[in-house]
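Okay, here's what each chain looks like letter by letter:
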Amino acid sequence: MRAHTQRRAGAAGAVTPAAPGIPRAAVPAVTYVLFVVMTGGTVPTPVYALYAQRLHLSPPVVALVFAAYAVGILAALLLFGGLSDKIGRRATLVPALAVAAVSSVVFIAFPTLPGLFAGRLLSGISVGLTTGAATAYLRELHPSPPRAALITSVTNMAGLGSGALLSGVLVEYAPAPTVLPYTVLIVLLLPGLALWALPEQAVARGGGIRPQRIGVPPAVRRPFAAAAAAVFASFSLLGLLAALAGNFLVQGLHNHSHLAVGLVAFSAFGSAGAAQLLAVRLAPRTGLTVGMTAVPLGLALILTGLSAASLPVFLCGSLLGGAGAGTSFKSGLALVTAQASPDRVSELVSGFFVAAYLGLTVPVVGVAVLLANGTLMTAAGVFAAVITVLCLGSIGVTTALGNRTTNR
């Protein structure tokens, strides 16, 4: 009766539902930890311009600093993706919080190029550790696994968007712009330590830690290719706005506002999270096609905004492109997991995330090199052309999958 009441109340919005015997605060607590760690992933975004000015960093170097974040995430996912199964969810999440705090301390204490690389790498490791453990923990704590997965994906994007916006406000209007954003983040991380009071749902298996295997069975290669191309293109757009928005605003729009940089990242990641909520009822193939249509349209608006020196048009492009990225991410992951046999899901999901974080880094570095050696519009145009080709390729493969199913 109590569990039934909790579910009814949760549906009505009074409390967050929890599985029978689980404290009501458990789901919000884990969600908060995931949110605040993801927030740390974009806190440096509005500060990059200050670092570039003070340390005389070129766009490619700034892009490499950003790329260190994705390297940390990939290393954590591939090397420690199953850590919480070995030692428990709480025993993984609490150290992840500590790593996130240490990352902020490094940014504060060592505002040098090596310090930036170290801080971003540690931030990525904390995100990688948190993502896997929090996803598994929420699935165990929440009575509805699909709803738990939705909470996880939306919280990821909401945290990334909020980090950039919070930092943008602090850098623009508060003192100590290279110190205060990280200090605030440390303060926000502290309540997450209450996680240790929650019950551990998983039985720690112990044993050695092995790197996550990645494999794509022949029968799943077509849908995986469509999903991988989609998430690569989607994260390329998000990574571009998170790493180089400052360069685009200054060179293209003559806008030096740090808050505007935060707003651009917030609009992209925020719309990505909102789009995942709206895409819940879409079939994976339909969602993938919709997302891969929205991303090039968003890029077209971004190019138009740069050409016309219009921040509103640029922001509209960020919103539309971000929405397409969020829809593609959710739909692509659903397509991959639906096609895989139960014993191969983790391999395919790992491959999907590798494609995502390669997209977050490789194109951004390429655009930064073009910025350093050419014009802004040339760099943006080449990026848009490559991403559009990827999107069209993903749509083509997705459509072929639908036709094969119909013919059968």
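The present account deals with the structure reproduced in this document. What you see is a predicted model; the values in this text were computed from it and never measured.

### A closer look at the environment of F35
Here's step 1: Here F35 is to be found in helix 2 (residues 26-40).
Here's step 2: What makes F35 partly exposed here is its relative accessible area of 28%.
Here's step 3: Taking the C-alpha atoms as reference points, F35 and T131, separated by 96 residues in sequence, lie 10.0 Å from one another.
Here's step 4: Apart from the residues within four sequence positions on either side, F35 is in contact with T155, A158, G159 and S162.

### Re the pattern of salt bridges
Here's step 1: Applying the stated rule across the entire model yields two salt bridges.
Here's step 2: Between D85 and R89 there is a salt bridge, with its nearest N and O atoms 2.7 Å apart.
Here's step 3: Close ionic contact of E140 with R89 constitutes a salt bridge, the shortest N to O distance being 2.5 Å. Of this pair, E140 sits in helix 7 (residues 113-141) while R89 sits in helix 6 (residues 89-109), and the two are 51 residues apart along the sequence.
Here's step 4: For R89, a relative accessible area of 5% puts it in the buried group.
Here's step 5: Here the salt bridges share partners, and the residues they tie into one network are D85, R89 and E140.

### Thoughts on helix 2
Here's step 1: Taking 1.5 Å of rise per residue, the 15 residues of helix 2 would be expected to cover 21 Å, and the 22 Å separating its terminal C-alpha atoms lies within 8% of that figure.
Here's step 2: Along helix 2, the residues classified as buried are A26, V27, V30, T31, V33, L34, V36, V37, M38, T39 and G40.

### Regarding the nonpolar core
Here's step 1: Core analysis: the largest hydrophobic core is formed by 108 residues, its most contacted members being L244, F248, F314 and Y357.
Here's step 2: Ignoring any residue separated from it by four or fewer positions in sequence, one finds Y357 in contact with A70, I73, L74, L77 and F235.

### Considering the packing of aromatic side chains
Here's step 1: Summed over all chains, the structure comprises eight aromatic pairs.
Here's step 2: Each ring, one from F235 and one from Y357, has its centre 5.7 Å from the other, and the planes form 80 degrees; the classification is edge-to-face. Here the residue F235 occupies a position in helix 10 (residues 221-253), and Y357 occupies one in helix 14 (residues 345-373), the gap between them amounting to 122 residues. One exposure class covers both F235 and Y357, and it is buried.
Here's step 3: Geometrically, the ring pair formed by F329 and F352 is tilted, given 5.9 Å between the ring centres and 40 degrees between the ring planes. Note that F329 is positioned in helix 13 (residues 311-339) and F352 in helix 14, a separation of 23 residues in sequence.
Here's step 4: You can call F329 buried: its relative accessible area is 9%.
Here's step 5: The class for F352 is buried, based on a relative accessible area of 0%.
Here's step 6: Put simply, the rings of F235, F329, F352, F353 and Y357 touch in pairs and so form one group of aromatic residues.
Here's step 7: It is R90 that lies over the ring of W196; its NZ or CZ is 5.0 Å from the centre.

### Re helix 14
Here's step 1: Over its 29 residues, helix 14 extends 43 Å from the first C-alpha to the last, a length consistent with the 42 Å expected when each residue adds 1.5 Å.
Here's step 2: The largest bend in helix 14 is about 30 degrees, located at L358.

### A few points about a nonpolar patch on the surface
Here's step 1: On the surface, L79, F80 and I209 cluster together into a nonpolar patch covering about 250 Å² of accessible area.
Here's step 2: Summarising the element assignment, L79 is placed in helix 4 (residues 59-80).

Procedures and definitions
Residues numbered from 1 in each chain as written. Predicted model: local features only at pLDDT ≥ 70, side-chain atom pairs only at ≥ 80, totals over all residues. Heavy atoms only, no water. Helix = DSSP H or I, 4+ residues; strand = E, 2+ residues; numbered from the N terminus. Buried < 20%, exposed > 50% of the residue type's maximum accessible area, 1.4 Å probe, protein only. Contact = heavy atoms within 4.5 Å. Salt bridge = Lys/Arg side-chain N within 4 Å of Asp/Glu carboxyl O. Expected span 1.5 Å × (residues − 1). Core = buried A, V, L, I, M, F, W, Y, C linked by side-chain atoms within 4.5 Å. Phe/Tyr/Trp six-rings, centres within 6.5 Å; stacked < 30°, edge-to-face > 60°. Lys NZ or Arg CZ within 6 Å of the ring centre and 35° of its normal. Bend = angle between axes of the 7 residues up to and from the residue. Patch = residues over 30% accessible without salt bridge, like charges linked within 9 Å, V, L, I, M, F, W, Y side chains within 5 Å. Areas by Shrake-Rupley, 256 points an atom, 1.4 Å probe, with all protein chains shown as cover.

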